[in-house]
Amino acid sequence: MNKKTNSIILNIFFVLFLILLPNFNSAKEILIYADSITYDEKENIIARGNAKIFQDNKLILSDLIIVNRINEQITLPTKFIFKDDNENYFEGENGFFQKDLDFAEFDNPKIRLKDGSRLIGKKLKRNGEIDIISKGVYTPCKSRIKIGKFICPTWQLEGEKILHDNSNLFLYQKHSKMRVLNTPVFYVPYIVTPSPLRKDRKSGFLTPSIALNFFDTKTSQSTSFPYYFNIDVDKELLFTPVINYGGGVDASQRFIFDYNQILSGGNLKTDLTFDSNFENKNNNKWLTDASLITSFNKNLNQNYRISVDSALQTSKNYIQITKPNDELSYTNSLSTNLNIEGFNLRKIDDQLKISLNFYQTNQENEDNKIIPTVFPKIKYFNGYQNIFGGISNSTYEFYNIFREKSSNVHAKKQQKISHKYNFTKEVVDFNSKIVLSTEIYNQAFNTEKKLIDTSNYKTGTYYRIFPILGVNIETPFRMKNYETKLTFKPRLNAVITPGTSNSNRLSNEDSTNNDFSENNIYRLNRFSGNDKMDNSKRITYGLSAYTGNFKANLSQLYEFTNNSNFHKEQGNNDKLSDLLGSVEYFDKNEISYNFRYDFNNAYMKKQNVNLKTSNSYGDINLSYLDENTKSNNIMTKDTETINYSFMSKKFSKFSKIKFSGLYDLKEEINKEYSVGYSYFDECFGIDINFNRKSYKEDSLKPQDILTLMFSFRNIGSYKSTNLAVSENDKQDIEWENINIDDSKFEDNK
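Fair warning: this is a prediction, and the values are worked out from it, not measured in the lab.

Novice: How should the overall build of the protein be read in this particular structure?
Specialist: Along the protein, the regular secondary structure elements total four helices and 48 strands. Within the protein, the fraction of its 749 residues that count as buried is 40%. The contacts of the protein with a sequence gap of at least 6 include a subset with a gap of at least 24, amounting to 44%. When the accessible area of the protein is evaluated, it comes to approximately 41,800 Å², of which 54% is carbon and sulfur surface.

Novice: Explanation requested: the state of the cysteines in the structure shown.
Specialist: What is meant by a disulfide is a covalent connection between two cysteines, made through their sulfur atoms. Tallied over the full model, the rule gives one disulfide. There is a disulfide in this structure between Cys-141 and Cys-683, and the S-S distance comes to 1.8 Å. Of note, the bridge from Cys-141 to Cys-683 carries an S-S torsion of about 100 degrees and is right-handed in sense. Separated by 542 residues along the polypeptide, Cys-141 in the loop between β11 (130-139) and β12 (145-147) and Cys-683 in the loop between β44 (669-680) and β45 (684-693) bring together distant segments of the chain. For the pair Cys-141 and Cys-683, one class covers both residues: buried.

Novice: How should the pairing of strand β14 (residues 155-165) be read in this particular structure?
Specialist: Where β11 meets β14, eight bridges bridge the pair, whose relative direction is antiparallel. Residue pairing in the sheet places Tyr-138 in a bridge with Leu-157 of β14. Where β14 lies against strand β15 (residues 170-180), ten bridges are found, and the strand directions are antiparallel. Pairing of Trp-155 across the sheet is with Val-180, part of β15.

Novice: Could you clarify how one ought to interpret the confidence of the model for the protein in this entry?
Specialist: Low pLDDT means the predicted atomic positions in that stretch should not be read closely. Of all residues in the protein, 80% have pLDDT values of 70 or greater, and the mean over the chain is 81. Scored below 50 in pLDDT, residues 14-27 shows 25 contacts in the model against residues more than four places distant or in partner chains. Residue range residues 725-735 is modelled with pLDDT below 50. Its contacts to residues more than four positions away, or to other chains, number 33 contacts.

Novice: Please clarify how unusual backbone geometry should be interpreted in this entry.
Specialist: A negative phi holds for most residues other than glycine; trans holds for most peptide bonds. The linkage connecting Phe-375 with the following residue, Pro-376, adopts the cis geometry, with an omega of -5 degrees. By the element assignment, Pro-376 lies in strand β28 (residues 373-381). A positive phi angle, near 65 degrees, is found at Glu-87, a position not held by glycine. If you trace the backbone, Glu-87 turns up in the loop between β6 (80-83) and β7 (89-98). Classification of Glu-87 by relative accessible area gives partly exposed; the value is 38%. Here the phi dihedral of Asn-344 falls at roughly 55 degrees; this positive angle occurs in a residue that is not glycine.

Novice: Teacher, can you tell me more about the side chain of Asp-578 here?
Specialist: Following the sequence through the fold, Asp-578 ends up in the loop between α4 (565-569) and β38 (579-586). Take Asp-578: its relative accessible area is 2%, and that puts it in the buried class. Of the polar contacts made by the side chain of Asp-578, one reaches the side chain of Arg-596; its length is 2.7 Å. Leave out the neighbours within four places in its chain, and Asp-578 touches Phe-516, Ser-555, Gln-556, Gly-571, Asn-572, Arg-596, Tyr-597, Asp-598, Phe-599 and Lys-605.

Novice: How should I be thinking about the pairing of β7 in this particular structure?
Specialist: Across a regular strand the side chains alternate sides, sitting on one face of the sheet and then on the other. The pairing of strand β5 (residues 73-76) with β7 spans four bridges and is classified as antiparallel. Looking at β7, one finds that Thr-75 is bridged to Phe-96. Here four bridges tie β6 to β7, and the two strands are oriented antiparallel to one another. Across the sheet, Ile-81 pairs through a bridge with Glu-91, a residue of β7. Connecting the antiparallel pair β6 and β7 is a turn made up of five residues, with Glu-87 showing a positive phi of about 65 degrees. Linkage of β7 to strand β8 (residues 103-112), two consecutive antiparallel strands, is achieved through a turn of four residues, within which Leu-101 is found at a positive phi near 65 degrees.

Novice: In this structure, what is going on with the pattern of salt bridges? I would like to understand it.
Specialist: When their charged atoms lie close together, side chains carrying opposite charge are able to pair. Counted by the stated rule, this structure contains 30 salt bridges. Note that Glu-397 is salt-bridged to Lys-416, the shortest N-O span being 3.8 Å. In this pair, Glu-397 sits in strand β30 (residues 390-402) while Lys-416 sits in strand β31 (residues 413-429), placing the two residues 19 residues apart along the sequence. The partner of Lys-532 in a salt bridge is Glu-569, with the nearest N and O atoms 2.8 Å apart. With Lys-532 in the loop between β35 (487-496) and β36 (538-546) and Glu-569 in helix α4, this pair connects stretches of sequence that are 37 residues apart. Three or more residues are tied together by salt bridges with common partners; here these are Lys-377, Glu-397, Lys-416, Asp-510 and Asp-531.

Novice: What should I look at first to understand the nonpolar core in this one?
Specialist: For soluble globular proteins, the rule of thumb is that nonpolar side chains tend to be buried together. Ranked by internal contacts, the top residues of the largest apolar core, which has 40 residues, are Ile-53, Ile-60, Ile-65, Phe-97, Trp-155, Phe-684 and Phe-712. Counting residues per element, this core draws most heavily on strand β3 (residues 45-55), at four residues. Within the second largest apolar cluster, seven residues are counted, among which are Tyr-522, Leu-557, Phe-566 and Leu-580.

Novice: I keep staring at the packing of aromatic side chains and nothing clicks. Help me out?
Specialist: The geometry of an aromatic ring pair is captured by the separation of the ring centres together with the interplanar angle, meaning the angle of the planes. Enumeration according to the criterion identifies 25 aromatic pairs in this entry. Pairing Phe-527 with Phe-566 gives two aromatic rings, centres 5.3 Å apart and planes at 85 degrees, and the pair type is edge-to-face. With Phe-527 in the loop between β35 and β36 and Phe-566 in helix α4, this pair connects stretches of sequence that are 39 residues apart. When sorted by exposure, Phe-527 lands in the same class as Phe-566, which is buried. Residues Phe-654 and Tyr-679 carry aromatic rings whose centres are separated by 5.6 Å and whose planes lie at 70 degrees to one another, so their mutual orientation is edge-to-face. Here the residue Phe-654 occupies a position in the loop between β42 (634-648) and β43 (655-664), and Tyr-679 occupies one in strand β44, the gap between them amounting to 25 residues.

Novice: Would you explain the environment of Phe-550 in this entry?
Specialist: In this fold, Phe-550 is placed in strand β37 (residues 550-559). Sequence separation of Phe-550 and Asp-587 is 37 residues, and the distance between their C-alpha atoms is 8.8 Å. In this structure, Phe-550 is in contact with Leu-486, Ala-545, Val-583, Glu-584 and Phe-586, ignoring residues within four places of it in sequence.

Novice: Looking at this structure, I do not really get the side chain of Asn-508. What am I missing?
Specialist: Tracing the chain through its elements places Asn-508 in the loop between β35 and β36. A polar atom in the side chain of Asn-508 sits 3.0 Å from the backbone nitrogen of Ser-511. In contact with Asn-508, other than residues within four places in its own chain, are Val-409, His-410, Asp-531 and Lys-532.

Novice: For this particular structure, what's the right way to read the environment of Asp-453?
Specialist: Its place among the elements puts Asp-453 in the loop between β32 (432-451) and β33 (457-474). As a C-alpha pair, Asp-453 and Asn-408 span 45 residues in sequence and 7.8 Å in three-dimensional space.

Novice: I'm lost on a nonpolar patch on the surface in this one. Help?
Specialist: A cluster of nonpolar side chains, Ile-473, Leu-492, Ile-539, Tyr-541, Tyr-558 and Phe-560, forms an exposed patch at the surface whose accessible area comes to about 490 Å². Note that Tyr-541 resides in strand β36. Of the residues examined, Tyr-541 reaches a relative accessible area of 33% and is grouped as partly exposed.

Each value, and the rule that gives it
Residues numbered from 1 in each chain as written. Predicted model: local features only at pLDDT ≥ 70, side-chain atom pairs only at ≥ 80, totals over all residues. Heavy atoms only, no water. Helix = DSSP H or I, 4+ residues; strand = E, 2+ residues; numbered from the N terminus. Buried < 20%, exposed > 50% of the residue type's maximum accessible area, 1.4 Å probe, protein only. Contact = heavy atoms within 4.5 Å. Areas by Shrake-Rupley, 256 points an atom, 1.4 Å probe, with all protein chains shown as cover. Disulfide = S-S within 2.5 Å. Pairing = 2+ DSSP bridges. pLDDT = per-residue confidence, 0-100. Polar contact = N/O pair within 3.5 Å; in protein donor to acceptor, adjacent residues only side chain to side chain. Salt bridge = Lys/Arg side-chain N within 4 Å of Asp/Glu carboxyl O. Core = buried A, V, L, I, M, F, W, Y, C linked by side-chain atoms within 4.5 Å. Phe/Tyr/Trp six-rings, centres within 6.5 Å; stacked < 30°, edge-to-face > 60°. Patch = residues over 30% accessible without salt bridge, like charges linked within 9 Å, V, L, I, M, F, W, Y side chains within 5 Å.

Dropping the structure here:
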């Protein structure tokens, strides 16, 4: 039969098909292709050989398809492939479809979802958007692992019944069992997980978790049943009740509420945690401890923005205990901060900031009475103005700070009103850039109970005007016929101030975290704030050299002022300061060296070498630090350490190793080191980390932390607490349920 004859027969078939099957046409048009199409005695259409049925975006492929016009049913006695309109593929055999292909039953289903996840089972029933698989197995894993005679995915969920809701995109599993490397690891009677095709949020239970807590010979358990509330398109709440029981301890409960809301121009996040014991409800002690952490920020309009950050707790260290991974657990104090920021109020570049700050310590041996309350702090920057060929600006500042009692550094109360005027003019002449600058401070302080010595308190009002004048000259040049294009830039800076020393009657509230370094050596006021003023008359000189991937600096200064506050506080005991220097080279690798050399006592006070390099094995970071301090030729500080870290490239396709540490060369002890291994394929991940902290003192034993995390795509991660404990240590060991984060598997799909 030639091609022309085939074409004629095919056209005749389509005409007959449209005439003889009115019932099928009355719903959705279906098209049939096959090598051979015939009728049986019951007028059923029998398509044999490469048979295909099309309906919209749906497709059925099989060697044998039987269409029953009376029952409006498509019978598939042999193996077939079905593609739905969502690009999901089904394989099966010995089944049937109704005419619209939305209702079906068949044996031995094998389903490959659009994202690559797979479902297999003994039997499938399809009812519209619902697929029910009997004796089903679900896995997102594409890879296979051979274990003995078995070839299996890395992990899979087996269920007596698995219901896949293609509309709401959820997987419902009855009598579910998880296997990892073909080994059963847990069983739950009923579990609901998001479909791997799900992109939208929906309310429902998340994966429960069970923890075992070991206390010497006693074992207690805790169980959590997290429930997710999809309140609205912009609101969500995760409620996690945790029930503790067993081990000879009283039953207790912990309730965790995590609320998130997207606002117009901002967001709101609230975390409420409280512990209870309902057995004590009759004596009003059912509520034991609680904490509330709130973060709120919002654009009020095009000019103003408000933010509120708050952390409250009923007892000391409660947040550290309940949220050990929260950043608040490692800071010196909890705080409640209210900030209002304004932009473009009177000019395009002016700024306003109003802050209210309340603090509370959460560390041991800290006195809450000396922690400050800032109520309020206001700062306004009026923007830049062109005047006399230069640029000027003003900064206005007010604060009111108080605490319950004084300390050796801070007053009980202090208010400050400050105005800072800045003027800068740049002139380019004589092959040099000459910058003239001045800062003028007008300040008024009202201070109450500032401790001067052991028992002498001072209270008073103080006013000061403090001008600082400076001139900076830079003259870059390049050697002729120098092939590397190395540029040299000598620099000279002169600063004049009144020379008045800072008064010990004023509380230093904002001039903290000061350091003598290349970052501030050329500033007019080298203090970080302006409660303290830099009263130095000095000349600073330096030389820098640079190319496209090389940079070097040397700088030093000479003090004319005998009582220079900043100079003395930063360890410069003579008028000629320490010499500061740095060298950097950056190409494929990065190496830097910086130092501080004491010219007067002829010794290296500080030096630091950093190396970052990458090769075919991984990324390497090395840092060497050497710090020394002398007093009357006696070494009072002697520190020498090496920090090191290595992160490997992927090997064996999915694996990485890493290690890092701190080695003390003086004490000859590895004070801290960590070793880790991670494996992440397209569906399964494991992360093992060991960390040890060692101490020179024999009385202090090393602190070991071993954590293990398993990650399952579309399910979530489970991370252990410290597993490296001795038999005598009282240490809870539990598994923490981590939120679903499939980005870890993205590179391995």
